[in-house]
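Residue strings, one per chain:
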Amino acid sequence: MASFSDQLQEIKSLISLNTKSHKSFAYSSLLHLQEQCSSDTCSIQTLAQESQSVLSQIIVDISDDDEEIVAQALKCLGFMIHHPILVASIPVEDANLIVRSLAELIVTTKMKTVCNLGVWCISIQQFSASFLATHFHCLLRAIVHALDNPIGSLSTTYEAIQAVMKLVTELSEKMINTSNIWLPPIYRRLLSVDKRERDMSERCLLKIKSAVLPPLLTISKALVVDMKQKLLPRMKETLNLGMKVQTMQAWGWFIRLLGSHAIQKRHLVNEMLKIPELTFSDHDPQVQIASLVAWEGLINALIQSPLQACETDHQENGVQELGTSKRNNLEIKTNGFLKSVKLIMTPLTGIMLSKCDISVRLSCLNTWCYLLHKLDISVNDPLVVETVLAPILQAVFQTGPDSKSTWLWNLCVDLFDDFVSAKCRAVDCDLNYQVSDISARTSIHGLPMPGKCSWKQYPIKWLSWDLSQLDFHIKMVCTLINQGSKFAVLPENRILACEAALRIFRSVLKGVQIEMKSPSIDYNQILLCLNTILRFMKKISEDVGLTDSGIMELHYTYLQAVEAVIKELEPSILGSPLYKVAYDIKYIDRLPSVYDINLAEVLGIRSIGHMDMVSPVVYLTTLYVYTAVHSTFDAPKMEFVLLGVKKYFEFLMSSYPPENLNAIIALLYEHMGFSCLNIWVAIAQGLENYLKDVKDLSPLKTELNSTGYFAVCHLLSYPFALCACLPKESNFTKIIGSSQRKLELEHVTEVWKSLYGCVNSASQFASSTTNIFSEDLCSMLARCLDENNSKLDCDTELDPSNKKQYLGLLSLCGDIMIYILEQSLTSKVNSKETKNIDDHCSMSSSGINSSLGLIVRFMRMPIIMETDAVISLAVTSSCRVFTALVKFVCRLHLKQNILSYIEIISSSLLQWLSHMEKRDESTIHQLELLWNETLDCLRMSQPPIIFDSSFLKLQAPLLEKTLDHPNPSISDSTIAFWNSTYGEQMQLDYPQSLCHVLDKLSRSGRINLCKRTFSFLQKCNSRKVVGPQRYEVTATKNRSSKRVELVEATVNDSGDKDKPSPSLKRKRQELTENQKEVRRAQQGRERDSNGHGPGVRTYTGVDFSQGNEESQDSQEFQNTESILEKLRRNY
């Protein structure tokens, strides 16, 4: 086989022959040889060396009249000017000749194939750009001729377009400057009926887009002429032909190529806008999508950001200034910028509000994001935000997410959150970092997904906002929450809406806090900001209250929103006395209570009045508690709600003054209900955890003006008051109808005990001379029971079935009172190790009195009920109370405490003993034990009790019932007690009420009325001994008093045993001031059951002063009738 060089020589010989057959064979062989050596470097080098002689013949042959020879020659020429090695070997003169020949051939030839191949050669040539620049005009002339395509060949158009793209790449600047010459033939074909022509033109425009856009004024003017003469009528024709998608694709390119010149040609633009006006309303989604894509062209043409232009001007002058989004606001209005923006937004807003296909809405959102991107930093201007951002966000948020539009929803939420979060990013980042960061996250596909690339990204230049835009942010959050409040929304979509609202609201609060730290913000701005936030919280609270109670997600979200405000905004703002706001939450005050008794008024709890000035944290906390109370009815997230309430109050107590606790308690008392106990538990646990963790009890000091101290007392009184007060019949079923009521009450009891124990053992109270906290708490609880008892006394028409249900709640009261009683015993009231017994007794007696007074009120409650069935319902609680009372009495040893117990308990104990036949066995047994222990403690008192006529009159009602009680255990123990106490006395004045009982028992020989003693003379003649002091009580003329004498039985020890001792001389002496003061202190030491002020002057208040060597003056005291009268009145 001949070598490559020999073959090449043979081909050269054949080409030089002028016969058609030889040339045709020679060019065919050369083309085949070129294809073979394309990958062989040695062959290419050989061909390059021989190319000059071949090229000269080819240049001649391309002008031949024979189409076949010309076509073959052009194919061989194309290879030679395309291969880099061969191109490099072509002399400049030959290259010039080649370019000129091709250009001339394209313009002059009538042969379609030749024209196509000529243009093809230009499109694939590899000459240098500098070389082509010298021939630019002839090449441009040839290409434009081919684009005009007088021959009508589609392939010619294709090759011409390829040549255009080649020259734009090689000679970009020259091609751009002459675009008005070569571009019209391309964009005109966008309206061609032939799809292949349209596709070729569009691909070319996409390829050279960066070179021709933004367009030069020359091309815009050329397009204006074409538009008026040909293109606008043509578009209307294609629309009528049904080519709507194709028409809008062309329309988009036309408006882009008009560029900023479109602003100067508003009449033409208005005519052009009639085209998309028809397509936007089309029902075909493809037509609408094409219209939206084309609409981006209008954005390019009309959006020329003045802020961006201003920034560019400053940079050109060497000064870089970055103003806020408010700058140039006047300029924006004057240059028609906002009008252009509104024009662009009109169809976008309409589509997002319509029920069109989801694909159309996604495309609309894509166009909207492109608009935000093109607005540059002008997007932050408040007017632009209101015009561009608000309509779409509202449309998306109002429509809400569904199975198809979740992606759309998430994109808008992410985008808006980026806008709001820009405030926080601006604190630590400069603008460049901020923009790049947002660009990475805000795109047409929303959040970036691993392994997937967005097909289009539109970075948005969010800037830091100020408080002037707070209303807009709050408005958007409100829109999200309103979506979650719709009952028809699916639960998963409601959760999505609520979570989005909470996420954005937190970002808003972070920005607000940053703004409040700014030294430039003044008092009025802070107050205005706080009022804006509080108005929003109030409105949402109202909306939550109006929605169906089953929408628990909304309640839970609102609670989290309040928690976010408390945690994100500093306590120095929310708790400051400087920033007071009006308490305008009127709808809370209008809520009816389910109880007839106003316990807040009874306990002295001052509620917040309408339009009172309060701190923001009190305002928020009131809303929080109100919503929490209403969110616990069958709430799936009840555990989360209660845990949030607990943590909320821990944080509140650690950061804010106790006035917040007062406001919460006042609200609980105003709107009492069984469901509130869950909230009470959370509040109590939060308070207890705070006290244990912080170990700071300063808010709970017992000064008279200490709001924290009384708040704790009122808080502990709440479950007692709730259970002890009778609800209205119409609402009662709601209160106790829960199947979990019993378990909840047990939990409430445990929490109450834990909090009470924590506070009661605190150092502030334990170190006190008297336990004021326990006394005040018992006083409050007693007031609640008093109000309840008086209500039951008046309400004679109450349904007995309601009474039964009501008594079921008394188990909680019983548990609480038992615990208080047990705690009073742990305070060592009977400790004999105390150095000063008198002081110790004084310390404990008031606490015992208050505890016993509370027990007495509880003992009376079942007695008020009329039927045996009702009384039996109280068996369990009353029996447990009696058991605790028995244990309590067993530990009473001091005389003062025992006498206080007798005075307080006698009346109620008498009633229970009087109705023992109606009690169950367990209650009867406990009553027997209680009575026996009562008698035992009287006998074992230290110092001993003197069982004289005065004390007998105090015990007369009980003894009258128990001495002859039908229960042998009661009567026998009472008779034994009588014989060992009163039966040992030598002389007694028997009350008239006891006479019939004593007569009966004495005649039967069961009791002793008086003791047989030695005669007076025998006692006088006996050996003188020093005996114990005795008290003789004699009646005076005044019925309201008795005279008590101290008689000392002594016998002279001088040896005159037969001489009777003289009677003691009674003298009345004036007391010293010191003695008077001591006596007043002893007589006034007793406190009433409330722990405050003067109370009942008990039998133990009598001052038995020690006699001196000379004499002892007797004292006057109130008689027993007065004591009993006051006892009945107070207990």
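The rules behind each value
- Residues numbered from 1 in each chain as written.
- Predicted model: local features only at pLDDT ≥ 70, side-chain atom pairs only at ≥ 80, totals over all residues.
- Heavy atoms only, no water.
- Helix = DSSP H or I, 4+ residues; strand = E, 2+ residues; numbered from the N terminus.
- Buried < 20%, exposed > 50% of the residue type's maximum accessible area, 1.4 Å probe, protein only.
- Areas by Shrake-Rupley, 256 points an atom, 1.4 Å probe, with all protein chains shown as cover.
- Axes fitted to C-alpha atoms, helices over the stretch in contact; angles between N-to-C directions.
- Left-handed = near helix turned anticlockwise from the far one by under 90°.
- Contact = heavy atoms within 4.5 Å.
- Nonpolar A, V, L, I, M, F, W, Y, C, P; charged D, E, K, R; others polar.
- Parallel < 35°, antiparallel > 145°, perpendicular 65-115°, else oblique.
- pLDDT = per-residue confidence, 0-100.
- Phe/Tyr/Trp six-rings, centres within 6.5 Å; stacked < 30°, edge-to-face > 60°.
- Expected span 1.5 Å × (residues − 1).
- Polar contact = N/O pair within 3.5 Å; in protein donor to acceptor, adjacent residues only side chain to side chain.
- Core = buried A, V, L, I, M, F, W, Y, C linked by side-chain atoms within 4.5 Å.
- Salt bridge = Lys/Arg side-chain N within 4 Å of Asp/Glu carboxyl O.
- Bend = angle between axes of the 7 residues up to and from the residue.
- Disulfide = S-S within 2.5 Å.

Trainee: Explain the overall build of the chain to me, please; I cannot follow it from the model alone.
Mentor: Looking only at helices and strands, the chain features 56 helices and five strands. Buried positions account for 53% of the 1131 residues belonging to the chain. Per element, the accessible surface of the chain, about 50900 Å² overall, is 52% carbon and sulfur.

Trainee: So what exactly am I meant to see when it comes to the packing of helix α35 (residues 616-630) against helix α37 (residues 659-670) here?
Mentor: To characterise two packed helices, one gives the angle between the axes of the helices and the distance between these axes. Across the interface, α35 lies against α37 with an axial gap of 9 Å and an inter-helix angle of 35 degrees. Considering only the axes of α35 and α37, their crossing is right-handed. Here α35 contributes V617, V618, T621, T622, V625, Y626 and V629 to the contact with α37, which in turn contributes E659, N660, A663, I664, L667 and L668. Along the lines of polarity and charge, the residues of the contact of α35 with α37 split into nine nonpolar, three polar and one charged.

Trainee: Mind showing me how you'd approach the environment of A782 here?
Mentor: Summarising the element assignment, A782 is placed in helix α43 (residues 772-794). Owing to a relative accessible area of 1%, A782 belongs among the buried residues under this scheme. A C-alpha to C-alpha distance of 8.8 Å links A782 and I855, two positions 73 residues apart in sequence. Not counting residues up to four positions away in its chain, the partners in contact with A782 are L854 and R857.

Trainee: Any chance you could explain the packing of helix α19 (residues 266-280) against helix α20 (residues 285-302) here in plain terms?
Mentor: Interhelical geometry of α19 versus α20 gives an angle of 150 degrees and a closest axis separation of 9 Å. Compared by their axis directions, α19 and α20 come out roughly antiparallel. Considering only the axes of α19 and α20, their crossing is left-handed. Along the contact surface, α19 presents L273, P276, T279 and F280, while α20 presents V287, Q288, S291, L292, W295 and L298. Considering only residue class, the contact of α19 with α20 consists of seven nonpolar, three polar and no charged.

Trainee: So what exactly am I meant to see when it comes to the confidence of the model for the chain here?
Mentor: Low pLDDT marks regions whose predicted coordinates should not be analysed in detail. Put simply, the chain has an average pLDDT of 76, and 71% of its residues get 70 or more. Confidence drops under pLDDT 50 across residues 430-456; counting only partners more than four residues distant or on other chains, this segment forms 48 contacts.

Trainee: Got a minute to help me understand the side chain of T934 in this structure?
Mentor: Looking at the secondary structure, you find T934 in helix α50 (residues 921-939). T934 gets classed as buried once you look at its relative accessible area, which sits at 2%. Ignoring sequence-local partners within four residues, the contact set of T934 consists of V889, Y901 and I902.

Trainee: When you look at the packing of aromatic side chains in this model, what are you seeing that I'm missing?
Mentor: For any two aromatic rings, the description comes down to two numbers: the centre-to-centre distance and the angle of the planes. In the structure shown here, the tally under the stated rule is 27 aromatic pairs. On the basis of an interplanar angle of 50 degrees and a centroid distance of 4.9 Å, the ring pair of F127 and F131 is categorised as tilted. When its relative accessible area of 7% is taken as the criterion, F127 is described as buried. For the pair Y370 and Y458, a centre-to-centre distance of 5.1 Å together with 65 degrees between the ring planes defines the contact as edge-to-face.

Trainee: What am I meant to see in unusual backbone geometry here?
Mentor: Generally, phi is negative for residues other than glycine and the peptide bonds are trans, each holding for most cases. Residue P214 is reached from L213 by a cis peptide bond, and omega for that bond is -5 degrees. Mapped onto the elements of the fold, P214 is located in the loop between α15 (209-212) and α16 (217-240). Put simply, Q942 and P943 share a cis peptide bond, and its omega is -10 degrees. Looking at the element boundaries, P943 is found in the loop between α50 and α51 (949-962). The backbone of N149 sits at a positive phi, close to 50 degrees, despite the residue not being glycine. Following the sequence through the fold, N149 ends up in the loop between α9 (136-148) and α10 (154-170). With a phi angle near 70 degrees, M611 is a residue other than glycine that sits in the positive phi range.

Trainee: In this structure, what is going on with helix α4 (residues 67-82)? I would like to understand it.
Mentor: Each α-helix winds once per 3.6 residues, and so residues spaced three or four apart point in a common direction. Taking 1.5 Å per residue, 16 residues should reach 22 Å; α4 reaches 22 Å between its end C-alpha atoms and fits that length. Of all 16 residues in α4, twelve are buried, a share of seventy percent or more. Listed as buried for α4 are I69, V70, A71, Q72, A73, L74, C76, L77, G78, F79, M80 and I81. Residues of α4 that are buried make contact with α2 (20-36), α3 (41-61), α5 (84-88), α6 (92-108) and α7 (112-124). For α4, the side-chain oxygen to backbone nitrogen distance between the N-cap and E68 is 2.9 Å, and the N-cap itself is D66.

Trainee: Help me understand the nonpolar core, please; the structure alone is not making it clear to me.
Mentor: What tends to happen in soluble globular proteins is that the nonpolar side chains get buried as a cluster. Core analysis: the largest hydrophobic core is formed by 328 residues, its most contacted members being W182, W251, F254, W368, L389 and M537. Each residue touching W368, except ones within four places of it in the same chain, is listed here: M345, L348, V388, L389, I392, L393, C412 and L415.

Trainee: Explain the side chain of S900 to me, please; I cannot follow it from the model alone.
Mentor: Position of S900 among the secondary structure elements: in helix α49 (residues 895-914). Here N849 takes part through its side chain, which lies 3.5 Å from a polar atom of the side chain of S900.

Trainee: Looking at this model, I keep getting lost on the environment of G644. Mind explaining?
Mentor: If you trace the backbone, G644 turns up in helix α36 (residues 638-655). Taking relative accessible area as the criterion, G644 reaches 13% and is therefore assigned buried. Distance from G644 to Q560, taken between C-alpha atoms, is 7.9 Å for residues 84 residues apart in sequence. When neighbours within four sequence positions are excluded, G644 is seen to be in contact with E563 and Y624.

Trainee: So what exactly am I meant to see when it comes to the pattern of salt bridges here?
Mentor: Working definition: two side chains of opposite charge can pair if their charged atoms are close together. Counted under the stated rule, the structure contains 23 salt bridges. When the shortest N-O distance is used, the salt bridge between K510 and E568 registers 3.3 Å. In this pair, K510 sits in helix α29 (residues 491-516) while E568 sits in helix α31 (residues 552-568), placing the two residues 58 residues apart along the sequence. A relative accessible area of 36% means that K510 is categorised as partly exposed. Among the ionic pairs, D936 bridges to R939, the shortest N-O distance being 2.6 Å. Residue D936 and its partner R939 are both found in helix α50; the two are separated by three residues, about one turn of the helix. By relative accessible area, R939 is classed as partly exposed at 35%. What you see here is one network of salt bridges that share partners, running through D414, D417 and R503.

Trainee: Help me understand α49 in this model?
Mentor: In this model, α49 (20 residues) spans 27 Å end to end at C-alpha, consistent with the 28 Å of a helix rising 1.5 Å per residue. The sharpest bend along α49 reaches about 50 degrees and sits at S906. Of all the 20 residues making up α49, 16 are buried; the element is thus mostly covered by neighbouring parts of the structure.

Trainee: Would you explain the state of the cysteines in this entry?
Mentor: When the sulfur atoms of two cysteines share a covalent bond, that bond is a disulfide. Overall, the coordinates contain zero disulfides when judged by the stated rule. Free cysteine C778: the closest other cysteine sulfur is in C713, separated by 9.9 Å. With relative accessibility at 1%, the residue C778 sits in the buried group.

Trainee: It is not clear to me how the environment of Q926 should be interpreted in this structure. Could you clarify?
Mentor: With respect to the helices and strands, the residue Q926 is situated in helix α50. Exposure remark for Q926: the relative accessible area of 12% places this residue in the buried category. Sequence-wise, Q926 and T883 are 43 residues apart; in three dimensions their C-alpha atoms are separated by 6.2 Å. If sequence neighbours within four positions are ignored, Q926 has contacts with C879, F882, T883 and V886.

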